[in-house]
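Chain and residue survey
What follows is each chain in one-letter form.
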Amino acid sequence: MDIREFDFSLPQELIAQEPVFPRDACRLMVLHRKTETIEHRVFRDILHYLEPGDVLVFNDTKVIPARLFARKEKTGGRVEILFLEERNGTWECLLSSSRIRPLQVLVLEENPLFRFEVLERKEDRWILRPFFPEGTTTEEVLSRFGRTPTPPYVKRKDIPLEAYQTVYARVPGSVAAPTAGLHFTEELLAKLEEKGVRRVMLTLHVGPGTFRPVKVERVENHKMHEEWFSLTPESAAEIQRAKEVGKRVIAVGTTTVRALETVALRCGTITAFEGTTDLFIYPGFSFRVVDALVTNFHLPRSTLLLLVSAFGGTAFIRRAYEEAVTLRYRFFSFGDAMLIL
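What counts and what doesn't
Residues numbered from 1 in each chain as written. Predicted model: local features only at pLDDT ≥ 70, side-chain atom pairs only at ≥ 80, totals over all residues. Heavy atoms only, no water. Helix = DSSP H or I, 4+ residues; strand = E, 2+ residues; numbered from the N terminus. Phe/Tyr/Trp six-rings, centres within 6.5 Å; stacked < 30°, edge-to-face > 60°. Buried < 20%, exposed > 50% of the residue type's maximum accessible area, 1.4 Å probe, protein only. Expected span 1.5 Å × (residues − 1). Pairing = 2+ DSSP bridges. Axes fitted to C-alpha atoms, helices over the stretch in contact; angles between N-to-C directions. Contact = heavy atoms within 4.5 Å. Core = buried A, V, L, I, M, F, W, Y, C linked by side-chain atoms within 4.5 Å.

Omega for the bond connecting Phe-21 with Pro-22 falls within 30 degrees of zero, at -5°, which places this linkage in the cis form. Within the secondary structure, Pro-22 sits in the segment before strand E1 (27–32). Despite not being glycine, Glu-123 shows a phi value in the positive range, around 55°. With respect to the helices and strands, the residue Glu-123 is situated in the loop between strand E9 (115–122) and strand E10 (125–131).

Put into structure tokens, the structure is as follows:
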């Protein structure tokens, strides 16, 4: 399968630079797979498409303030640090500068007492050894100096962390938001509950790989990034019960899809699970769990677009995206939403 099938032209002005307020006032494109028809609504209208007993599955991961700004100790050159993971007393990070060398020292802009020694590079990641005042934890450093880790296509760097966080975020660990969930408000969730729509949580910590385009020509040759997730026994039982009585399981976001389908593939059924997934979903994939999907409009050649195309049908999704561009929908993380039924 040629990756060029999943490319499209997008005017730069359609890349949303800030969230809509209120969150559920964004536009909603509704795709009906059986009839291949499209409706245009407002996101809060999602209430009309869900039925009592349906199960909405959310990813309750919480974005951490993972972006830091530092200076090279010798030259003063500015370096943006994206914290990914702490391991054995070192930090795994992405660095904005291409002129980084081992043994260089980076100093936080806000406080020179917080320093990093560059140890080595592993593929696209850098390993840094932090030197902090005694007793200072990584969590404290990120809380004090960290900023919102919005993706590269969002040019504004002053987005408050709360704006890049779902209203139900609970478990810290992501460096990118599960953006399909950004459209839900407390009021909309309450109305869904009143209608009898069930709410179920899982946790998948989103990594930076979610934004990376597929760079190989053949889709099948792409290596998917790995992410940790957890599905509790209570959540698994709720989902399994819905499947048994013929109710729909509606995934909020591609991260939720990957988690649920990973469990089904590895365990043969929906059951409690904790571990990692590198499941790559592209056209031809057979879905075992997810019956409907809430998602945003994604980057060309991205694994997210491939997953959505697998779920909605490549030709139908291509037509929907063309219509979205024509009608000036807002794209990517802070953009409008799509409901695929």
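So, next bit.
For the structure shown, the criterion picks out 22 aromatic pairs. On the numbers, 5.8 Å between centres and 70° between planes, the contact of Trp-91 with Phe-132 is edge-to-face. Within this pair, whereas Trp-91 is found in strand E7 (residues 90–95), its partner Phe-132 is found in the loop between E10 and helix H1 (138–145), the two being separated by 41 residues in sequence. By the burial criterion, Trp-91 is buried, and Phe-132 matches it. Note on Tyr-153 and Phe-332: the rings are 4.8 Å apart at their centroids and 55° apart in plane angle, and the pair reads as tilted. Here Tyr-153, found in the loop between H1 and strand E11 (171–174), pairs with Phe-332, found in the loop between helix H6 (314–326) and strand E17 (337–340); they are 179 residues apart in sequence, far enough to count as distant. Summarising the burial analysis for this pair, Tyr-153 and Phe-332 share the class buried. Each member of the aromatic cluster is reached from another via a ring pair, and the members are Phe-8, Tyr-153, Phe-297, Tyr-321, Tyr-329, Phe-331 and Phe-332.

A few words now on helix H4 (residues 254–267). The end-to-end C-alpha distance of H4, which contains 14 residues, comes to 20 Å, matching closely the 20 Å that a straight helix rising 1.5 Å per residue would cover. A positive backbone phi angle near 80° is found at Gly-268, which sits one or two residues after H4.

A barrel is described by the order of its strands in space; here six strands give the closed sequence E5-E6-E7-E10-E9-E8, paired in antiparallel fashion. On average, each strand axis in the sheet is tilted by 45° relative to the strand beside it, whichever way the strands run. Bridge count for strand E5 (residues 67–72) against strand E6 (residues 78–87) is five bridges, and the pairing is antiparallel. Directly across from Leu-68, in E6, lies its bridge partner Ile-81. Against the sheet, H1 contacts E5, E6, E7 and strand E8 (105–108), and its axis sits at roughly 90° relative to E5.

Counting residues in each nonpolar core, the largest one holds 70 residues, and the members touching the most others are Met-29, Leu-31, Ile-239, Phe-331 and Met-338. Those residues in contact with Ile-239, other than ones at most four positions away along the chain, are Val-55, Val-57, Val-200, Leu-231, Val-249, Leu-260, Ile-270 and Val-289. Of all hydrophobic cores here, the second largest spans 26 residues; its members include Val-79, Leu-94, Ile-100 and Val-118.

For the rest of this paragraph, the subject is the environment of Asp-124. Relative to the helices and strands, Asp-124 is located in the loop between E9 and E10. We classify Asp-124 as partly exposed; its relative accessible area is 30%. Measuring from C-alpha to C-alpha, the distance between Asp-124 and Val-30 comes to 37 Å, with 94 residues separating the pair along the chain. Setting aside residues no more than four positions away along its own chain, Asp-124 makes contact with Cys-93, Leu-94 and Arg-212.

The values reported here are purely geometric and, on their own, carry no functional implication.
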